[in-house]
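Results of the structural survey
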Amino acid sequence: MKILSKHILALLLIFSCRLSADDGSQLWLRFPENKKGISADKIFVKNSSPTLHIASRELMRYWQGQSVELRISKSLSGLKEGYTIISDRNKITITSAKDTGLLYGVYHILRLQQTKAPLTQLNIREKPAYDVRILNHWDNLDGTIERGYAGHSLWKWEELPDKISPRYEEYARANASVGINAVVLNNVNASPEMLRTDYLEKVKTIAGIFRPYGIKVYLSVNFSSPKILSHLQNSDPLNKEVKHWWKEKTHEIYQLIPDFGGFLVKANSEGQPGPQDYGRTHADGANMLADALKPYGGIVMWRAFVYSPSKEDRAKQAYLEFVPLDGKFRDNVIIQIKNGPIDFQPREPFNPLFGALRKTAEMVEFQITQEYLGFSNHLVFLAPLFKETLDSDTYAYGKGSTVARITDGSLHKAKITAISAVANVGEDPNWTGHEFAQANWYAFGRLAWNPDLTSEQIADEWIKMTFTDNPRFLAPVKNMMLTSRETAVDYMMPLGLHHIFAAGHHYGPEPWGDYKEGRPDWSPVYYHQADSEGIGFDRTNTGSNAISQYFSPLNEIYGNIKTCPENLILWFHHVPWNYRMKDGKTLWEELCYKYDTGVKNVREYQKLWDRMAPYIDAQRFTEVQTRLKTQARDAVWWKDACLLYFQTFSKQPIPYDIERPVHNLDDLKKIKLNMGHHN
Ligand code: BDP
């Protein structure tokens, strides 16, 4: 009788789990709670600090294994915020030189527990690859988020500093659990108001909540702040009064936030003010701020995302502006470089600035928010995209000079090493809009800690933590995640096509876009260059010669149509429609099949997902299912728009074994989504 009722209870439990609502707000942090709590005498911590308090609290609540000792040992300072974990049957010892290292170690063992990895005979040694692992929020003071697709900003400026949303701490905890230790709170298109004293008081409150989780706060600053906020005559970085203003402002910040991280700056880019407004250089601007921050140990992250409406290929401009300044920056300046030379496209080659600055620290900027990858409607796992850049060999210091090795200090000694990404979180209950977009936040954190992890390892961990380790779910869903980025490239911009998005919102296709009144380098036709001969942007020495910015042998490899990787061929070459690809198809046919493959894959994802219903809760299941429908519709829209439009140049049939277009080009041209934004 007892056994029977136990069974019924178990069944009921399974049944109710299956039906229960799960809004995704717990992210990957789904450790089953210890009902009674682990007994305190199983946790040994000698020292005490707010961070260690959190570490022990996490263990008390969620740890179900053997005793755990958390030990500070200065002898491990070489591991920085890293740690060792050593265990036998009875005890796990986590050792680190830092409190935060112990907290990371605790999240490590909780992850092992949750992914059901063995917990005895552990002998783990972890050291983070980058010192600063930072999220950039593009959040505005009015609560909107530039390129944000998960609701409004988490930061409630109008309520702060008095009212404190519980999500500040939850957010900090989620970041700490994947090793993220820094956050820029506001948009790179920065409002000068951010530096007003009343706002700094609010920032202080957030910094106080983040601090025990090992997270430092940084701010984006508007270069014209002295002029706008304090009515100085100008904001010229060589003006004494301006320098003084920044020194005072910086002092004020550190009085409030002694461990403030520093400034992120977008200057002389897309209309933002900067030193060039006064005939000064990026180095003049960055150094002025660096001098103000220096006494407190703060840093300047100066962005290389600069381009102006000129005749020069946009892909070349950052390199042209920054290489001549190499060696002129202070040692607490780091140049923040987007992964590719244009702008977070579904696929770009790596930015040739990586490795080109020999005497200046460099860091990567990725975008987690899916500005160019279907917003939070499309399922696109970004670890493969991040890895593609990090693993790219620049040849800057000979073979093996990957972007990761250049930026993590192994090949190029730098005082600061850092890696950044634009956040995708907002007020939505599940933080990121799409359940699977949580995986991109997770993946960034894991790769910032260790860029050698594989996309597969990360997907595997994340699925087990977020959903289930049931192999019937794990294997297909992992496969879907791992192929999803290539799928998006296929239905949007295969073979090196780029920036053929609709103006402004960057969601749907608009390859016909030709904004004569606006900037040519915001027009899709500028990027694809389709004509009766062929398609693609000639960046070889017969064209813009952007290939010359890459080190040998890459410039030769990219420059030769025969050796250029086909997934970038239209990035570097203007290719005739009848050009024979490696598989024997013509370029036109290949393009058609790529778009078709993209659509087919999304359809497969739908079928696969529908079979997953038994394994997870209904709410998350349905939310993903609904978004996959949108993604499938969008993929068809992309395919039809691009193929019908490019067909007006190729004048060739779409291969007959491919599903026929279901739209008319003229109708597609009329679609105007009201999603706002400037370029
Ligand atoms: C582009 C975005 C724009 C950003 C800009 C930037 O469209 O909203 O302000 O990058 O990174 O991707 O500064």
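In this text, all values refer to a predicted model and were calculated from it rather than measured experimentally.

Near the ligand there are 15 residues, and of these Glu146, Lys266, Arg303, Asp343 and Glu371 occur at the shortest range. Take arginine 303: an N or O atom from its side chain is 2.6 Å from an oxygen atom of the ligand. At a separation of 2.7 Å, an oxygen atom of the ligand approaches a polar side-chain atom of lysine 338. The residue makeup of the shell around the ligand, split by class, is four nonpolar, three polar and eight charged.

Right, let's get into the sheet that holds strand 3 (residues 83-87). With mixed pairing, the five strands of this open sheet are ordered in space as 1-2-4-3-5. The outermost strands of the open sheet, each flanked by one partner alone, are strand 1 (43-45) and strand 5 (123-126). Taking the axes of each pair of neighbouring strands and ignoring which way they run, one obtains an average angle of 10° across the sheet. The pairing of strand 3 with strand 4 (residues 91-96) spans four bridges and is classified as antiparallel. Across the sheet, serine 87 pairs through a bridge with isoleucine 92, a residue of strand 4. In the packing of helix 2 (residues 50-62) onto the sheet, contacts are made with strand 1 and strand 2 (67-72), and the angle to strand 1 comes to roughly 175°. The strands that helix 3 (residues 99-114) touches are strand 2, strand 3, strand 4 and strand 5; relative to strand 4, the one it contacts most, it runs at about 145°.

On to the environment of proline 576, then. Inspection of the secondary structure puts proline 576 in strand 15 (residues 575-576). Every residue in contact with proline 576, bar those within four places of it in the chain, is listed here: Glu533, Gly534 and Leu587.

Within a sheet, neighbouring strands are paired by backbone hydrogen bonds and run either parallel or antiparallel to one another. Read around the closed barrel, the eight strands follow the order 6-7-8-9-10-11-12-13; overall the barrel is parallel. Going across the sheet, the axis of each strand differs from the next one's by a mean of 25°, ignoring polarity. Sheet analysis places strand 10 (residues 299-303) next to strand 11 (residues 333-338), joined by four bridges and oriented parallel. Bridging from a neighbouring strand, tryptophan 302 pairs with isoleucine 335 of strand 11.

It is worth spelling out unusual backbone geometry at this point. Across the junction of leucine 160 and proline 161, the peptide omega takes the value 0°, indicating a cis bond. Note on placement: proline 161 falls in the loop between strand 6 (132-136) and helix 4 (166-177). The backbone of glutamine 529 shows a phi angle near 55°, a positive value even though the residue is not glycine. Tracing the backbone shows glutamine 529 in the loop between helix 15 (524-528) and strand 14 (534-535). The backbone of lysine 651 sits at a positive phi, close to 50°, despite the residue not being glycine. The topology assignment puts lysine 651 in the loop between helix 19 (618-650) and helix 20 (665-670).

To continue, consider the side chain of asparagine 440. You can see asparagine 440 is positioned in helix 12 (residues 438-449). Among the residues examined, asparagine 440 registers a relative accessible area of 0% and is labelled buried. With residues near it in sequence (within four places) discarded, asparagine 440 still touches Ile368, Gln370, Val380, Phe381, Leu382, Ala383, Phe386 and Asn424.

Here we come to the domain arrangement of the chain. Domains assigned within the chain are domain 1 (31-126), domain 2 (132-452) and domain 3 (489-537 + 574-669). Averaged C-alpha coordinates put domain 1 and domain 2 at centres separated by 31 Å. Opposite the 16 residues of domain 1 that make contact, domain 2 presents 15 residues. The three residues of domain 1 that bury the most area against domain 2 are Tyr104, Tyr107 and Arg111, which together make up 42% of that side's buried surface. Applying the counting criterion to the domain 1 and domain 2 interface returns three salt bridges. Of the charged contacts in the structure, one is a salt bridge between glutamate 169 and arginine 57, with a shortest N-O distance of 3.9 Å. Where domain 1 packs against domain 2, one counts six residue pairs in polar contact (both at pLDDT 80 or more). Among the secondary structure elements, those contributing two or more residues to the side of domain 1 that touches domain 2 are helix 2 and helix 3. Ranked by residues supplied to the side of domain 1 that touches domain 2, first place goes to helix 2 with six residues. Grouping the amino acids of the side of domain 1 that touches domain 2 by side-chain chemistry returns eight nonpolar, three polar and five charged.

The rules behind these values
- Position numbers for residues count from 1 along each chain, tracking the sequence in the order it is written.
- Confidence filtering applies because this is a predicted model: local features only for residues at pLDDT of at least 70, side-chain atom pairs given and counted only at 80 or more, and all residues used for totals across whole chains, interfaces and linings.
- The basis for every side-chain value is the complete set of heavy atoms in the structure, and neither hydrogens nor water enter the calculation.
- Being near a molecule or strand, for a residue, comes down to having at least one heavy atom within 4 Å of it.
- Here a polar contact means two N or O atoms within 3.5 Å. Within protein one must be a hydrogen donor candidate and the other an acceptor candidate, and residues neighboring in sequence count only if both atoms are side-chain atoms.
- Ten residues, namely Ala, Val, Leu, Ile, Met, Phe, Trp, Tyr, Cys and Pro, are considered nonpolar, four, namely Asp, Glu, Lys and Arg, are considered charged, and the remaining ones, Gly among them, are considered polar.
- Note: two strands are recorded as paired if DSSP finds a minimum of 2 bridges between them.
- Here a strand is any run of E in DSSP of at least two residues, a helix any run of H or I of at least four, and the numbering for each starts at the N terminus.
- What counts as an axis is a line fitted to C-alpha atoms, over the stretch in contact for a helix, and the angles between N-to-C directions run from 0 to 180 degrees.
- Two residues qualify as a contact provided that any one of their heavy atoms is within 4.5 Å of a heavy atom in the partner residue.
- Accessibility here uses a 1.4 Å probe with only protein chains present; expressed as a share of the type maximum, an area under 20% marks a residue as buried, one over 50% as exposed, and anything in between as partly exposed.
- An automatic or database domain assignment supplies the start and end points of every domain.
- As a working definition, buried area equals the accessible area (1.4 Å probe) given up by two parts on being put together, with both sides summed.
- Whenever Lys or Arg places a side-chain nitrogen within 4 Å of a carboxyl oxygen from Asp or Glu, that contact is recorded as a salt bridge.

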